[in-house]
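The chain contents come next:
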Amino acid sequence: MDPKSVLEFASKNNAKILDLRFTDLPGLWQHVSYPIGELEESSFKEGFGFDGSSIRGWQSIHESDMLLVPDPKTAFMDPFRDTPTLVMICSVVDPITKEPYGRDPRHIAQLAEAYLHKSGIAEKAYFGAEAEFFIFDSIRFDSDTQHSFYFIDSDEGRWNTGRETNNLGYRPRFKEGYFPAPPLDHFQDLRTEMVTRMQETGMDVECHHHEVATAGQAEIDLRYDTLVNAADKMMKYKFIIKSVAQQYGKSVTFMPKPLFGDNGSGMHTHQSLWNDSKPLFAGDKYAGLSQTALWYAGGLLKHGRSISAFSAPTTNSYKRLVPGYEAPVNLAYSSRNRSAAVRIPMYSPNPKTKRLEFRPPDPSCNVYLTFAAMLMAGLDGIENKIDPGKPLDKDIFELSKEEMKSVPTMPGSLDEALKALEDDNKYLTKGGVFTQELIDLWIEYKTKNEADPVRMRPHPYEFHLYYDI
């Protein structure tokens with residue numbers, strides 16, 4: 001839609017409120033609302049003023065006055081509001097210079113797309129993310145000087161098989177939740193409602209299903225799109241899933257590892273490059289890949305550890321990324337081995353379906369920064385013809401200790417990931433896509449607000465281990 005079409009769309013849907021959305025540095029949607037009469041064609045150039053000094057990751061800005069400039073292509077009606085509400089995703093702009101704000105994650109994703117086009121390597125990069133999540137019935141948590149706890153419950157949780165009241169059985173066993181039909185799958189109707197609401201807002205959904213873990217782990221797959229569009233849709237995806245769940249009296253989390261002893265939630269991200277209608281990743285090399293695709297994979301693998309500072313950006317991420325378990329921590333590629341960081345899906349021989357799947361990311365990430373970082377790593381691989389090495393087609397559990405030493409792995413903690421980003425970030429700053437200021441800010445923010453506070457607090461399990469020492 002263009003600005004005029006948005007005004008017509010608002011009138012047709014009897015919109016009374018305009019809601020403007022943007023993304024903070026960690027990756028959470030923020031918003032501000034106006035009476036719909038405040039929206040004019042000129043608004044798409046002049047924007048709407050707001051104070052950016054209290055937004056997470058932006059607190060240190062001295063010039064706090066900023067502008068939100070709505071993107072007309074993102075307009076949709078909020079399916080959850082009592083009053084008809086028109087929503088648009090915005091770019092953040094400096095009101096004096098009219099330049100995009102350098103800490104706006106969406107702007108960084110736009111710069112990555114522009115760098116791709118300028119490079120001449122490809123016209124478009126397509127991304128398709130498979131974000132998993134948990135649906136819980138209850139969540140309690142607190143942390144203070146003298147106590148710290150969390151308590152999760154789910155009627156579908158396997159731990160409730162012995163409950164004395166309201167117990168009808170039918171709960172997925174630990175690690176056996178993949179694809180069971182109802183009544184073992186408690187959330188078929190709830191996920192269908194989520195899909196319906198997504199479709200109402202113009203999103204293309206491919207499928208939905210229960211995931212491996214007990215206690216309501218789920219996945220809804222969106223059709224791939226260009227980088228910024230795919231990131232915009234992932235923000236809508238999270239908003240819709242959480243909102244539908246709340247209407248049903250449920251709570252959704254995109255934490256990568258909320259349950260001990262069962263599978264965590266990943267965000268496997270499929271990606272490919274195209275020129276017009278020509279897929280650039282299809283060829284006659286390994287698993288039907290082109291040389292371009294192999295070099296792209298080489299870039300993902302070479303920079304995988306630093307990418308993880310964006311793609312697995314929480315301390316909780318590294319409860320999932322643990323060697324020897326379900327997580328893809330091995331920086332290798334394979335058409336068969338799902339423990340490899342880069343997998344080549346083999347569902348179809350059609351060249352148009354040829355793509356790479358980067359498996360370490362999880363849905364706690366800021367998708368704009370994560371997609372941009374992966375694209376920049378892949379392009380660095382192509383530009384420098386980075387050899388990804390030999391594929392890892394063996395069962396990782398059958399490799400000897402000597403063979404395992406030759407397979408690099410993802411970081412084991414957020415601290416390691418941030419250190420990797422500090423040491424390896426030149427590929428991100430090409431073309432000014434990521435600024436050094438933004439990278440340094442990300443490392444400082446994550447260290448000060450997440451890694452350090454978790455490291456300094458006693459862990460509840462430490463009392464189990466050490467209280468009687």
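A quick note: this is a predicted structure, and the numbers were derived from the prediction, not measured. (Residues numbered from 1 in each chain as written. Predicted model: local features only at pLDDT ≥ 70, side-chain atom pairs only at ≥ 80, totals over all residues. Heavy atoms only, no water.)

Participant: Could you clarify how one ought to interpret the overall build of the protein in this entry?
Facilitator: Tallying secondary structure elements over the protein gives 14 helices and 18 strands in all. Taken along its principal axes, the extent of the C-alpha atoms in the protein is 65 × 60 × 45 Å. Within the span of the protein, comprising 469 residues, buried residues form 53% of the whole. Here the contacts in the protein between residues at least 6 apart in sequence split such that 68% fall between residues at least 24 apart. Looking at the protein as shown, the accessible area adds up to about 22,000 Å², and 52% of this sits on carbon and sulfur atoms. In the protein, the 53 positive side-chain charges and the 66 negative ones have mean positions that sit 4 Å from each other. (Helix = DSSP H or I, 4+ residues; strand = E, 2+ residues; numbered from the N terminus. Buried < 20%, exposed > 50% of the residue type's maximum accessible area, 1.4 Å probe, protein only. Contact = heavy atoms within 4.5 Å. Areas by Shrake-Rupley, 256 points an atom, 1.4 Å probe, with all protein chains shown as cover. Lys, Arg positive; Asp, Glu negative; His and termini not counted. Charge placed at Lys NZ, Arg CZ, Asp CG, Glu CD.)

Participant: Just to check I follow, could you spell out the packing of helix α11 (residues 414-423) against helix α13 (residues 436-456) for this structure?
Facilitator: Between two packed helices, what matters for the description is the angle formed by their axes and the separation of those axes. At a closest axis distance of 10 Å, the pairing of α11 and α13 adopts a crossing angle of 165°. Judged on the interaxial angle alone, α13 and α11 are roughly antiparallel. Of the two elements, α11 crosses α13, and the hand of that crossing is left-handed. On α13, the residues that touch L414, D415, L418, L421 and E422 of α11 are I439, W442, I443, K446, T447, E450, A451 and R455. Looking at the contact of α11 with α13, its residues break down into seven nonpolar, one polar and five charged. (Axes fitted to C-alpha atoms, helices over the stretch in contact; angles between N-to-C directions. Parallel < 35°, antiparallel > 145°, perpendicular 65-115°, else oblique. Left-handed = near helix turned anticlockwise from the far one by under 90°. Nonpolar A, V, L, I, M, F, W, Y, C, P; charged D, E, K, R; others polar.)

Participant: What exactly am I supposed to notice about the nonpolar core here?
Facilitator: As a rule of thumb, soluble globular proteins bury nonpolar side chains together. Core analysis: the largest hydrophobic core is formed by 98 residues, its most contacted members being F133, M194, Y237, L273, F371, L375 and F434. By size, the runner-up hydrophobic cluster in this structure holds 22 residues, among which are V6, A10, L18 and Y34. (Core = buried A, V, L, I, M, F, W, Y, C linked by side-chain atoms within 4.5 Å.)

Participant: In this structure, what is going on with the pairing of strand β10 (residues 205-210)? I would like to understand it.
Facilitator: Regular strands show a simple pattern: their side chains alternate between the two faces of the sheet. As judged from the five bridges shared by β10 and strand β11 (residues 217-222), these two strands associate in the antiparallel manner. The residue bridging C207 from the neighbouring strand is D221, located in β11. Taking the residues that link successive antiparallel strands as the turn, the β10-β11 hairpin has six residues, and the phi of A215 there is positive, at about 65°. (Pairing = 2+ DSSP bridges.)

Participant: Would you mind showing me how to read the pattern of salt bridges here?
Facilitator: Two side chains carrying opposite charge are able to pair once their charged atoms lie near each other. Per the stated rule, a full pass over the model turns up 25 salt bridges. Residue R455 pairs with D415 through a salt bridge whose shortest N-O separation is 2.4 Å. Of the two residues, R455 sits in helix α13 while D415 sits in helix α11, which places them 40 residues apart along the sequence. Its salt-bridge partner being D452, residue R455 comes within 2.0 Å of it at the nearest N-O pair. Residue R455 and its partner D452 are both found in helix α13; the two are separated by three residues, about one turn of the helix. By relative accessible area, R455 is classed as partly exposed at 46%. (Salt bridge = Lys/Arg side-chain N within 4 Å of Asp/Glu carboxyl O.)

Participant: In this structure, what is going on with the packing of helix α7 (residues 304-311) against helix α9 (residues 367-383)? I would like to understand it.
Facilitator: Between α7 and α9, the least distance of the axes is 8 Å, while the angle of their chain directions is 165°. Accordingly, the angle class assigned to the pair α7 and α9 is roughly antiparallel. The hand of the α7/α9 crossing is right-handed. Of the residues in α9, those in contact with I307, F310 and S311 of α7 are L369, T370, A373, M374 and A377. When grouped by side-chain class, the residues that make up the contact of α7 with α9 number six nonpolar, two polar and no charged.

Participant: Before we go on, may I ask you to explain a nonpolar patch on the surface in this structure?
Facilitator: On the surface, I139, F141, Y150 and F260 cluster together to form a nonpolar patch covering roughly 560 Å² of accessible area. Following the sequence through the fold, Y150 ends up in strand β9 (residues 148-153). Judged by relative accessible area, which is 55%, Y150 ranks as exposed. (Patch = residues over 30% accessible without salt bridge, like charges linked within 9 Å, V, L, I, M, F, W, Y side chains within 5 Å.)

Participant: Can you walk me through the environment of A15 in this structure?
Facilitator: Tracing the chain through its elements places A15 in the loop between α1 (3-12) and β1 (17-23). Sequence separation of A15 and D423 is 408 residues, and the distance between their C-alpha atoms is 49 Å. When neighbours within four sequence positions are excluded, A15 is seen to be in contact with A10, I36, M77, P84 and L86.

Participant: Please explain the side chain of E219 as it appears in this structure.
Facilitator: Note that E219 resides in strand β11. In this structure E219 is buried but unpaired, with R359 as the nearest side chain of opposite charge at 8.6 Å. Residues within four places of E219 in sequence aside, it is in contact with E130, A131, E132, F133, C207, H208, H209, E211 and Y237.

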